[in-house]
Amino acid sequence: MLRHIMTVGGLTLVSRVTGLLRDIMLAAILGAGPVADAFIIAWRLPNHFRAIFAEGAFNAAFVPAYARVRGERGGEQARLFADRVFTMLFVTEGLLLAVALLFTPAVISLLAPGFTGDPARFALAVEFTRVTFPYLLLVSLVTLYGGILNALQRFAAPAAAPILLNLSMMATLALAAFFPTAGHAAAWGVLIAGCLEVLMVAADLHCHEGLPRFRTLSVDDDVRRFFKALGPAVLGSAGTQIALFADTIIASFLAAGAVSALYYADRLNQLPIGVIGIAVGTVLLPEMANRIAVGDESGARRAQDRAITFTLLLSIPCAAAFAIVPDLIMSTLFLRGAFTVTDAAAAGATLAAYSIGLLPFVLLRAVSSSFLARGDTATPVKALTISVVINVGLKILLMERYAQVGLAFATSIGVWVNFGLLVWFAMRRKLISFDGWLRSCVIKLIVAGLVLAAVLFVAAGPVMRSCEALGALQFAVALAILAILSVLVYGGAVTVLCGPTLLRSFFRGRGS
């Protein structure tokens, strides 16, 4: 399982890095004019639908269902189940695509009403959307194929697929001179990427299980149970999107620079969430689902315990760094050109507020697997709904006095509420227990993190002052020195506190 987590995490890291390069290229070529505005709207539309209906929601319902059918009745019945879900998915997404293409102007008017007063931007948004929207159907197929592969313990191709999106858009942007505008180039890059992603994931699935085929539409018990789980999962994804929309809407009323500070801080905060939290959750869900399907409840719990410990082991240093030296991190990465010291300080304060909720953020996928692996998608939605209400309410209360820092702090409080409720629900149903090996590991890792935070707090000032004479390189050198010091301190603290016996039991999967 650890090998799979490292595979998914490594490929996710490559995806995030290439995504950053893609954004830099987009900004350099598209700028911030009407063409850029039109493309961003055209790009967001399929992505918001994808975030709600595909990826997280679909996987949460499909992977446990597929694993259960395969474990209880064998591969042939699992393939029949996948065929029926594939047929329904293709028909539904095809109809949605047809409606979107026929009524694109109405869709743009509804979701981007500000464009109706600008005929040039409105026309470009309609044109770009008709190119990008088929990506929703393609990425939905990637999600289905990837879910089957994940259930078969094959993770590389689905994890690598997003990299193709970044590379495809960068390639078409490099050839923008051959398109009517750079926005056309970027839009076609999205569509080409969808085709490439389908081909790559389909090739892997074809070699190991065979591709799903069209079947006569039939709703049997397995399909009915799948849709019963999919409904709450979709509502949960919609709740997450509502929270993201709230950030954007509220930040738009704040002073200039607040939206940018929130964006840059969130980009960094999402790095450990994606590389660690999502990677662990992607591997853990089919691992637990497969074990539960064959009645190995103790094995599923051991897998979850190892995943929680591994997540904390890697994410605690990130939380400590984001909390103690956020200004230095922002200055090192972004302090150049139009990005000023004041901007770095604002983004750093926002990152520090995000750091309060980083640990529960990265642990959410691991804890929610207690329910999702058993086909229960409703309980995580209950916890998420409560947390979204608290999150949005706090944003409204804090926005006027604390600006974007208040929004980030509200997000952190909301995720703690979500995490706490999930743990409480799981413990009440005896699906998880923080005792024995897991409790010992968690306590010792937290102590190691506190030691690291104390050392960073004491060392940051002297290190930064000693690098002042280096001019433009001072921030990068200071951050590098502190990073090396952090590795030594945290690694030493973990070794001393946990000891070789406990570390070996963790990596070999023994304990609780």
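Cut-off values and rules
- Going along each chain's sequence as written, the residues are numbered from 1 onward.
- Restriction of local features to residues with pLDDT of at least 70 applies here, the model being predicted, together with a cutoff of 80 or more for giving and counting side-chain atom pairs; totals for whole chains, interfaces and linings are based on all residues.
- Values reported for side chains reflect all heavy atoms of the structure, with hydrogen atoms and water molecules removed beforehand.
- What counts as a helix is a DSSP run of H or I of at least four residues, what counts as a strand is a run of E of at least two, and both are numbered from the N terminus.
- With a 1.4 Å probe rolled over the protein chains alone, any residue whose accessible area is under 20% of its type maximum counts as buried; one over 50% counts as exposed, and the rest are partly exposed.
- What makes two residues a contact is simply this: any of their non-hydrogen atoms within 4.5 Å.
- Axis definition: a line fit to C-alpha positions, over the contact stretch in the case of helices; interaxial angles, taken between N-to-C directions, run 0 to 180 degrees.
- We call two directions roughly parallel when the angle between them is under 35 degrees, roughly antiparallel when it is over 145, roughly perpendicular when it lies between 65 and 115, and oblique otherwise.
- In this count, Pro and Cys sit with the nonpolar residues alongside Ala, Val, Leu, Ile, Met, Phe, Trp and Tyr, while Asp, Glu, Lys and Arg are called charged and the others, Gly among them, polar.
- Whether a set of points on the 1 Å grid over the protein atoms alone is a cavity depends on a 1.4 Å probe fitting there but being unable to get out, while an open set qualifies as a pocket with protein on both sides within 12 Å along at least five of seven lines; lining residues are those with an atom within 4 Å of a point.
- Grid points are joined across faces, edges and corners, and a volume is the space filled by probe spheres set on the points.
- Given the number of residues in a helix, its expected span is that number minus one, multiplied by 1.5 Å.
- Two axes define the bend at a residue: one fitted to the seven residues ending there, one fitted to the seven starting there, and the bend is the angle between them.
- Should the near helix be turned counterclockwise from the far one by less than a right angle, the crossing is left-handed, whereas a clockwise turn marks it as right-handed.
- For this document, the term salt bridge refers to a Lys or Arg side-chain nitrogen within 4 Å of an Asp or Glu carboxyl oxygen.
- A 3.5 Å cut-off defines polar contacts: any pair of N or O atoms within that distance qualifies, except that in protein one atom must be a possible hydrogen donor and the other a possible acceptor, and neighbouring residues in sequence count only when both atoms are side-chain atoms.
- In this analysis, a patch consists of residues with relative accessible area above 30% that form no salt bridge, clustered at 9 Å for like charges and at 5 Å for the nonpolar side chains Val, Leu, Ile, Met, Phe, Trp and Tyr.
- Residue exposure ignores everything except the shown protein chains as possible cover, and the areas themselves are Shrake-Rupley values with a 1.4 Å probe.
- A pair of Phe, Tyr and Trp rings is counted when the ring centres sit within 6.5 Å of each other, with Trp represented by its six-membered ring. The angle between the planes then sorts it: under 30 degrees is stacked, over 60 is edge-to-face, the rest tilted.
- We call a charge positioned above a ring when the Lys NZ or Arg CZ atom is no farther than 6 Å from the ring centre and deviates by at most 35 degrees from the ring normal.

Colleague: Provide a residue-level description of the overall build of the protein chain, including the pertinent values.
Modeller: In terms of regular secondary structure, the protein chain is built from 18 helices and zero strands. Looking at the protein chain as a whole, 53% of its 512 residues qualify as buried. Long-range pairs, those at least 24 residues apart, make up 83% of the contacts in the protein chain with a sequence separation of at least 6.

Colleague: Can you tell me about the packing of helix 7 (residues 134-151) against helix 8 (residues 156-174), naming the residues and giving the values?
Modeller: At a minimum axis separation of 9 Å, helix 7 and helix 8 run at an interaxial angle of 155 degrees. Put simply, helix 7 runs roughly antiparallel to helix 8. Between helix 7 and helix 8, the contacting residues are Tyr135, Val142, Gly146, Leu149 and Asn150 on the first element and Pro158, Ala161 and Leu165 on the second. Split by residue class, the contact of helix 7 with helix 8 holds six nonpolar, two polar and no charged.

Colleague: Outline the layout of surface pockets, listing residues and values.
Modeller: The probe, sized like a water molecule, is rolled over the atoms to show the empty space still left. By volume, the second largest pocket amounts to about 630 Å³. Lining the second largest pocket we find 23 residues, and of these Pro317, Cys318, Ala321, Phe322 and Ala483 sit closest to its centre. Listed by contribution, the elements that provide at least two residues to the lining of the second largest pocket are helix 11 (258-293), helix 12 (297-324), helix 13 (326-334), helix 17 (436-466) and helix 18 (474-508). It is helix 18 that provides the largest number of residues to the lining of the second largest pocket, a total of eight residues. Grouping the constituent residues of the lining of the second largest pocket by class yields 21 nonpolar, two polar and no charged.

Colleague: Describe helix 16 (residues 378-428), listing the residues and the values that go with them.
Modeller: Counting along an α-helix, one turn takes 3.6 residues, and residues three or four places apart therefore face a common direction. Counted at 1.5 Å a residue, the expected span for helix 16 with its 51 residues is 75 Å, but the 16 Å between its end C-alpha atoms falls short. If you look at helix 16, its biggest bend is around 145 degrees, right at Tyr402. Backbone geometry just after helix 16 places Lys430 at a positive phi near 60 degrees.

Colleague: Describe the packing of helix 6 (residues 119-132) against helix 9 (residues 182-208), naming the residues involved and giving the relevant values.
Modeller: Taken N-terminus to C-terminus, the directions of helix 6 and helix 9 make an angle of 20 degrees; their axes are 8 Å apart at the nearest point. One way to sum up the angle between helix 6 and helix 9 is to call them roughly parallel. Classified by chirality, the crossing of helix 9 by helix 6 is right-handed. Counted together, Leu124, Glu127, Phe128, Val131 and Thr132 of helix 6 and Gly183, His184, Ala187, Trp188, Val190 and Leu191 of helix 9 form the full contact between these two elements. Among the residues forming the contact of helix 6 with helix 9, the class breakdown is seven nonpolar, three polar and one charged.

Colleague: So what about the side chain of Thr311? Which residues, and what values?
Modeller: Topologically, Thr311 is positioned in helix 12. The buried category is assigned to Thr311, whose relative accessible area is 0%. The contact partners of Thr311, leaving out residues within four places of it in the chain, are Ile276, Val280, Val362 and Leu363.

Colleague: Quick rundown of the pattern of salt bridges? Include the residues and the values.
Modeller: Opposite charge on two side chains permits pairing when their charged atoms draw close. Tallied over the full model, the rule gives 13 salt bridges. Arg429 is the salt-bridge partner of Asp376, the closest N and O atoms lying 2.7 Å from each other. Of this pair, Asp376 sits in the loop between helix 15 (358-372) and helix 16 while Arg429 is found in the loop between helix 16 and helix 17, placing the two residues 53 residues apart along the sequence. Note on Arg429: relative accessible area 40%, which makes it partly exposed.

Colleague: An account of helix 6 is requested, with residue identities and associated values reported.
Modeller: Compared with the 20 Å implied by 1.5 Å per residue over 14 residues, the 20 Å span of helix 6 between its first and last C-alpha is a close match. Along helix 6, the residues that are buried comprise Arg121, Phe122, Leu124, Ala125, Val126, Phe128, Thr129, Val131 and Thr132.

Colleague: Lay out the side chain of Thr104 with the relevant residues and their values.
Modeller: Looking at the element boundaries, Thr104 is found in helix 5 (residues 104-111). At 3.2 Å, the side chain of Thr104 forms a polar contact with the backbone oxygen of Leu101. There is a polar contact of 3.4 Å between the side chain of Thr104 and the side chain of Arg130. Contact partners of Thr104, with chain neighbours within four places excluded, come to Val126, Thr129 and Arg130.

Colleague: Provide a residue-level description of a nonpolar patch on the surface, including the pertinent values.
Modeller: Taken together, the side chains of Leu13, Val17, Leu21 and Leu271 define a hydrophobic patch exposed on the protein surface, amounting to about 310 Å² of accessible area. Along the chain, Leu21 turns up in helix 1 (residues 2-30). For Leu21, a relative accessible area of 43% translates into the label partly exposed.

Colleague: Summarise the packing of aromatic side chains; cite the residues concerned and give the values.
Modeller: Working definition: an aromatic ring pair is given by the centre-to-centre distance plus the angle between the planes. Summed over the entire model, instances satisfying the criterion amount to ten aromatic pairs. When the centroid spacing of 5.2 Å and the interplanar angle of 90 degrees are considered together, the rings of Phe90 and Phe214 count as edge-to-face. Placement of Phe90 in helix 4 (residues 75-102) and of Phe214 in the loop between helix 9 and helix 10 (221-251) is noted, with a sequence separation of 124 residues between them. A relative accessible area of 30% means that Phe90 is categorised as partly exposed. Given a relative accessible area of 51%, Phe214 falls into the exposed group. Ring geometry for Trp424 and Phe425: centres 5.4 Å apart, planes at 40 degrees, overall tilted. Overall, Trp424 belongs to the partly exposed group, its relative accessible area being 48%. With relative accessibility at 11%, the residue Phe425 sits in the buried group. Three or more aromatic residues link up through ring pairs in this structure, and these residues are Phe62, Tyr66, Phe81, Phe226 and Phe227. It is Arg428 that lies over the ring of Trp424; its NZ or CZ is 4.6 Å from the centre.

The analysis is restricted to geometry; functional conclusions fall outside its scope.
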